[in-house]
Amino acid sequence: MIEISSLSKSYGRHLAVDKISFEVTRGDIVGFLGPNGAGKTTTLRMLTGFLPPTSGAARIAGKDIFRESLEVRRRIGYMPENVPLYVDMRVKEYLRFRGALKGLSGSRLRKRTAEVMETCGLTDVRRKMIKTLSKGYRQRVGLADALIHEPDLLILDEPTNGLDPNQIRAIRKLIQNLGDKHTILLSTHILSEVEMTCNKVVIIDGGKVKAADTPSNLVSSMRQAGRVTVELQTPKNEVEPIISSFDEVTRVVGETLQDGWNRFTVFAAPKTDTRLKIGNLAAEKKWPLRALSRRVGTLEEVFVELTRKD
Amino acid sequence: MRIFRILFFKELKAYFFSPFGWLILAFAALMQGFVLTEALEAFSDQAQRENLVFVTFSSPLFWFYFFVLFPVLTMRLFSEESRSGTLEGLLTAPVQTWQVVLSKFSASYLTFLILWIPAFFHFYLFTILTDVPPPFSKGEVGGAMIAIALMGLLFTACGCLASALTSSQIIAGLVCLGLLLVHFFLGAVTNIFGDTIPAAPLFEFVSSQNHLRDLTRGLVDTRPIAYYLSTTAFFLFLTYHLLDFRRWKP
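Everything numeric in this text was worked out from a predicted model, so none of it was measured.

A.B. asks: When you look at the environment of Arg227 of chain A in this model, what are you seeing that I'm missing?
C.D. replies: Residues and elements named next belong to chain A. By the secondary structure assignment, Arg227 is in the loop between helix 8 (215-221) and strand 11 (228-232). For Arg227, a relative accessible area of 22% corresponds to the partly exposed category. With 68 residues separating them along the chain, Arg227 and Arg295 place their C-alpha atoms 5.6 Å apart. Excluding residues within four positions of it along the chain, Arg227 makes contact with Thr265, Val266, Phe267, Ser293, Arg294 and Arg295.

A.B. asks: Would you explain the sheet that holds strand 5 (residues 63-64) of chain A in this entry?
C.D. replies: One key point about sheets: their strands pair by backbone hydrogen bonds, in either a parallel or an antiparallel sense. Residue and element names in this part refer to chain A. The 4 strands are arranged 2-1-4-5 in an open sheet whose pairing can be described as antiparallel. The two strands at the open ends of the sheet, each matched to only one other strand, are strand 2 (14-24) and strand 5. Pairing between strand 1 (residues 2-11) and strand 2: 7 bridges, direction antiparallel. In the strand pairing of strand 2, Glu3 is matched with Glu23. Strands in contact with helix 1 (residues 40-47) are strand 1, strand 2 and strand 4 (55-60); relative to strand 1, the strand with the most contacts, it is inclined by about 115°.

A.B. asks: Honestly, the side chain of Thr43 of chain A in this entry has me stumped. Any pointers?
C.D. replies: Residues and elements named next belong to chain A. Structurally, Thr43 is set in helix 1. We classify Thr43 as buried; its relative accessible area is 0%. One polar contact links the side chain of Thr43 to the main-chain carbonyl oxygen of Gly39, over a distance of 2.6 Å. The residues touching Thr43, leaving out its near neighbours within four places in the chain, are Val17, Ile20, Phe32 and Ile204.

A.B. asks: Explain helix 4 (residues 106-119) of chain A to me, please; I cannot follow it from the model alone.
C.D. replies: Spacing of three or four residues puts side chains on the same side of an α-helix, whose turn is 3.6 residues. Residue and element names in this part refer to chain A. Taking 1.5 Å of rise per residue, 14 residues should cover 20 Å, and helix 4 covers 20 Å from first to last C-alpha, within 8% of that figure. Within helix 4 the residues assigned to the buried category are Leu109, Arg112, Thr113, Val116 and Met117. The arc enclosing the buried residues of helix 4, seen along the axis, measures out at 130°, which places them on a common side. Within helix 4, the exposed residues directed more than 90 degrees away from the buried face are Ser107, Arg110, Lys111 and Glu118. Buried-residue contacts for helix 4 involve helix 3 (91-101) and helix 5 (135-147). Gly121 occupies a position one or two residues after helix 4 and carries a positive phi of about 65°.

A.B. asks: Before we go on, may I ask you to explain the sheet that holds strand 11 of chain A in this structure?
C.D. replies: Residue and element names in this part refer to chain A. The strand order across the open sheet formed by 4 strands is 12-13-11-14, and the pairing between neighbours is antiparallel. The open sheet has two edge strands, strand 12 (249-256) and strand 14 (289-294), and neither has a second partner. Averaged over all pairs of adjacent strands, the angle between strand axes in this sheet comes to 15°, irrespective of strand direction. Contacts between helix 9 (residues 236-244) and the sheet are confined to strand 11, strand 12 and strand 13 (262-268), with strand 12 contributing the most and set at about 165° to the helix.

A.B. asks: I keep staring at the packing of helix 9 (residues 138-165) of chain B against helix 12 (residues 208-216) of chain B and nothing clicks. Help me out?
C.D. replies: In a pair of packed helices, the angle between the axes and the distance between the axes together describe the arrangement. All names here are of chain B. Taken N-terminus to C-terminus, the directions of helix 9 and helix 12 make an angle of 155°; their axes are 7 Å apart at the nearest point. Compared by their axis directions, helix 9 and helix 12 come out roughly antiparallel. For the pair formed by helix 9 and helix 12, the contact residues are Glu140, Gly143, Ala144, Ile146, Ala147, Met151 and Phe155 on the first element and Ser208, Leu212, Leu215 and Thr216 on the second. Its residues assigned to classes, the contact of helix 9 with helix 12 comprises 7 nonpolar, 3 polar and 1 charged.

A.B. asks: Help me out: how do you make sense of the packing of helix 1 (residues 2-16) of chain B against helix 7 (residues 97-115) of chain B in this one?
C.D. replies: Residue and element names in this part refer to chain B. The contact between helix 1 and helix 7 brings their axes to 8 Å, and the two run at 40°. As judged from the angle between their axes, helix 1 and helix 7 are oblique. Taken as a pair, helix 1 and helix 7 cross one another with a handedness that is right-handed. Note on element contacts: helix 7 touches helix 1 through Gln99, Val100, Leu102, Ser103, Lys104, Ser106, Ala107, Ser108, Leu110, Thr111 and Ile114, opposite Ile3, Phe4, Leu7, Phe8, Glu11, Leu12, Tyr15 and Phe16. Here the contact of helix 1 with helix 7 is built from residues that sort into 12 nonpolar, 5 polar and 2 charged.

A.B. asks: Teacher, can you tell me more about the pairing of strand 3 (residues 29-33) of chain A here?
C.D. replies: If a strand is regular, its side chains alternate between the two faces of the sheet. Residues and elements named next belong to chain A. Taking burial as the measure, the 5 residues of strand 3 include 5 buried ones, the bulk of the element. Burial of strand 3 is two-sided: the residues Ile29, Gly31 and Leu33 facing one way and the residues Val30 and Phe32 facing the other way are all buried. Examined bridge by bridge, strand 3 and strand 8 (residues 183-188) share 5 bridges and lie parallel to one another. Each residue of the ladder has a partner; that of Gly31, found in strand 8, is Leu186. As judged from the 4 bridges shared by strand 3 and strand 9 (residues 200-205), these two strands associate in the parallel manner. Residue pairing in the sheet places Val30 in a bridge with Lys200 of strand 9.

A.B. asks: Got a minute to help me understand the pattern of salt bridges in this structure?
C.D. replies: It is possible for side chains of opposite charge to pair when their charged atoms get near one another. For the structure on display, the rule yields 25 salt bridges over all chains. For the salt bridge of Glu88 of chain B with Arg45 of chain A, the shortest nitrogen-to-oxygen distance reads 2.8 Å. You can see Glu88 of chain B sitting in helix 6 (residues 86-91) and its partner Arg45 of chain A sitting in helix 1, one on each of two chains. A residue is classified by how much of its surface remains accessible, and Arg45 of chain A, at 24% relative accessible area, is partly exposed.

Each value, and the rule that gives it
Residues numbered from 1 in each chain as written. Chains lettered and ligands numbered in written order. Predicted model: local features only at pLDDT ≥ 70, side-chain atom pairs only at ≥ 80, totals over all residues. Heavy atoms only, no water. Helix = DSSP H or I, 4+ residues; strand = E, 2+ residues; numbered from the N terminus. Buried < 20%, exposed > 50% of the residue type's maximum accessible area, 1.4 Å probe, protein only. Contact = heavy atoms within 4.5 Å. Pairing = 2+ DSSP bridges. Axes fitted to C-alpha atoms, helices over the stretch in contact; angles between N-to-C directions. Polar contact = N/O pair within 3.5 Å; in protein donor to acceptor, adjacent residues only side chain to side chain. Expected span 1.5 Å × (residues − 1). Arc of directions from axis to C-beta. Parallel < 35°, antiparallel > 145°, perpendicular 65-115°, else oblique. Nonpolar A, V, L, I, M, F, W, Y, C, P; charged D, E, K, R; others polar. Left-handed = near helix turned anticlockwise from the far one by under 90°. Salt bridge = Lys/Arg side-chain N within 4 Å of Asp/Glu carboxyl O.

So far we have only geometry, and geometry alone does not tell us how the molecule works.
Encoded structure:
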C-alpha cells in the first residue's frame, strides 16, 4: 500500500527526515512512533503531498506521491495534527463541503455524510458550529472528514492527542473497527495505544528508522528481553561462574537480599530462554531455589531503548 | 470546474453568511453616498464643465475608500487558512492549486462588484427622483462601470498575492494597501514632475487616475483593458506559484 524508499526532507540545514524506508501492506494498522521532533509529521506531510521530499521517493497504491499527487490524494484520508477545521461552519455543512471536494455528490454524498456522522458519533451535534465543539468532538469531525470518501489509506497524525481517557478509548475502538476495511498509518506517542491497536510498528528518531516490525517481535528482540532473574540460597561465588559459562549468557550479577538469599540477574541474548537450563542446574546441584522469572518487555521499554539519547 | 464551483460558493458564503460582507457593503454604500452628495453639492454651487459621473469619481474621497475596500476584502483569503492550518486540509484534498487561487479570487471579486450596486443605483435614482435632465449620459455610467470592474480585477489580484505572502491578516492587509498606494503614486508621477520627463508616457500608461478619467468621460480605450487583464493574470500567476512553491521547493 505504501512503499517508501530513502525519503529525505531537510529544512535549510536541518535534516528532518533522513533517508527513511519502510513498507506498509494493505490491511495493516501501522503505528508510527518517535519522540517529539523525530520527523513523524514531516513524513506524513510528504506522503499526503503537502510537503515535497528533498530526495527519495514514495508510492501509495502504486502511485508516485509527487508526480501523481492528485491520484494519491484521492486515495488518502488525512487527519492533520491538531485537526484544523473551518470553525465557522456547522458539522454537517463542513462534512458535506469536504465530501464534495473529495468527489462525492448527490445521494452518495448524503449517504456518506450520514454514515460517517453515525460512525464517529456526530449525529447529535450535526447542526452545531464547529467553534462551539469540544476538542474531542473536533477530533471526531476530523476523523469523519478523513473517512468520508472511503479512502484505501487513512493517515492520522496523533489522533488521540489531547483527549481524555474515555475519548481516547472511544477513538481507539473506532480505529480498531476501521482496520477491517482500511489500511491505517497513525502517528502517536501513546505506546499502550499502539500495543492495543497496531499490528506493525515503525519507530523513528532523529529522522531515521530505528525499527520496523510487529510489536511482539520488537518486544522479544529488545536487549533486555533475554534477561532472567533467579533467587538462590547458594553463595554467589559458587553460582556465578557456572551460569556465566552458558553460551547465550553474557554476564551474571548477583546481590545479597536482606533475608540472606541471593538474587542473580542473568543477562542473556534476546530471544533466548535460559530458565529451563538454570532450573535443571539448580535441581542437579541441589541449590535451594525460590524464584525464577524471565523478563517480559513492553513496547515502552523498546521505545526508550531505541530513542534514548544517553 | 466542479471543484472550482464548490470552493467558490464556500468563499462567497464566508462573505455573505457572516456580518463581515454586510459591514463592508454598508461602509461602501455610505461612502458612495457621501461622494455623490459632495459631487451634487459642487453642481449646485456652480456650473461644472464635466459630467456628474466624472465629478463623482474624481473626488479624493473616492480613492480613499476605494483603496480601503481591497485589503479588507482580500486579507483573509489565504493568510487565515495558513494561520489556522486549514490550508493543509485544503491542499491535501484532491484539489489543484489553481482551483483554490481562482475560486478565492473570483469570490472576492464578485463581492467587490456587488459593493458597487448601490453606487450605480444612485445614478439611476437620480433620473427617476429628479425632473432635471441627468447631467450625464449612459455611456459615461457604462464607462465608469468598466473602469471600476477593471481596477477591481488588478487590485483584488494584488490582495490575493499579499494574503498568500504571510499568515498574518494585518500584514497581508498592509502589504495590499502598500501595493495599491505605490500603483496610485506611480500614476501621479507626471502630476508632480510634469509630463516632459523621459518616462512620462510609461507613468501615464499605468495611471489608474487617467484610466478612470477617460472612461468616466465615456472614452473606452483598449489599452487600459489589456493592461488590467494582463497584470491581473500576472499577479494571480505569482499567487499560484507562492502557494505551489511549498510543493516543489527543495
